[in-house]
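# Examining the three-dimensional arrangement
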Amino acid sequence: MRKTILSAAAAVAVILLSASFAAAQTAAAKAPADPAQARAEVDKAIEAMRKDARAGKSDILGKTMKLDSAQAAAFWPLYKQYEAEAKLLGDERLGIIQDFAEHFDALDDVKAKALLDRQMALEDKKLALQKKYKDEMLKVLPAKTVARFLQVDSRLNKLAELTVASEIPLIY
């Protein structure tokens, strides 16, 4: 039963993220000649995609966490704080991707190293965020519940990362 729920959740996440990413790409393809307006339209499509992904993630968590009312009252406010901080890290990730895209054709070793350093620093921040909220959640929730959250969150984040990464060309 649990395996079926998680499999369905994974399928929903992939479909949601893939469809949203495709919508953002379509907006980019139909962008007007004005670079500023084109960038604004792409940014708007990306933000819509990210909003849909966050809503889908909350829905999946709601279905997989199996919280009683006391646990839900403790979990959801912490989760909202966690997601607000994670969104800022997502903004940083988007900035790295946009910087990479803008310099892709003329990427040299200096710029590649700078992008690598930014990405590694971002990964450190993501891990620090997870540790911070693990500790906060352990203050008010059973360890198994916190472990389930981190497990589901990790799976959904990896699906999202894979979806995005599959659209980014390799550096040669």
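Residues numbered from 1 in each chain as written. Predicted model: local features only at pLDDT ≥ 70, side-chain atom pairs only at ≥ 80, totals over all residues. Heavy atoms only, no water.

### Examining the pattern of salt bridges
- Applying the stated criterion across every chain yields a total of 14 salt bridges.
- Note that Glu85 is salt-bridged to Lys132, the shortest N-O span being 3.0 Å. Here Glu85, found in helix H3 (residues 69–103), pairs with Lys132, found in helix H4 (residues 109–138); they are 47 residues apart in sequence, far enough to count as distant.
- For Glu85, a relative accessible area of 26% corresponds to the partly exposed category.
- As a salt-bridge pair, Lys113 and Asp117 come within 2.7 Å of each other at their nearest N and O atoms. In this pair, Lys113 and Asp117 are both assigned in helix H4, 4 residues apart and thus about one turn of the helix distant.
- Accessibility expressed as a relative area gives 42% for Asp117, which makes it partly exposed.
- Each member of the salt-bridge network shares a partner with another, and the members are Arg93, Glu123, Lys126 and Glu161. (Salt bridge = Lys/Arg side-chain N within 4 Å of Asp/Glu carboxyl O. Helix = DSSP H or I, 4+ residues; strand = E, 2+ residues; numbered from the N terminus. Buried < 20%, exposed > 50% of the residue type's maximum accessible area, 1.4 Å probe, protein only.)

### Regarding the nonpolar core
- In this structure, Leu61, Phe75, Tyr79, Tyr82, Met137, Leu141 and Phe149 are the most contacted members of the largest nonpolar core, which totals 22 residues.
- Mapped onto this core, the elements with two or more residues apiece are helix H2 (35–65), H3, H4 and helix H5 (143–165).
- The biggest single contributor to this core is H3, with 8 residues. (Core = buried A, V, L, I, M, F, W, Y, C linked by side-chain atoms within 4.5 Å.)

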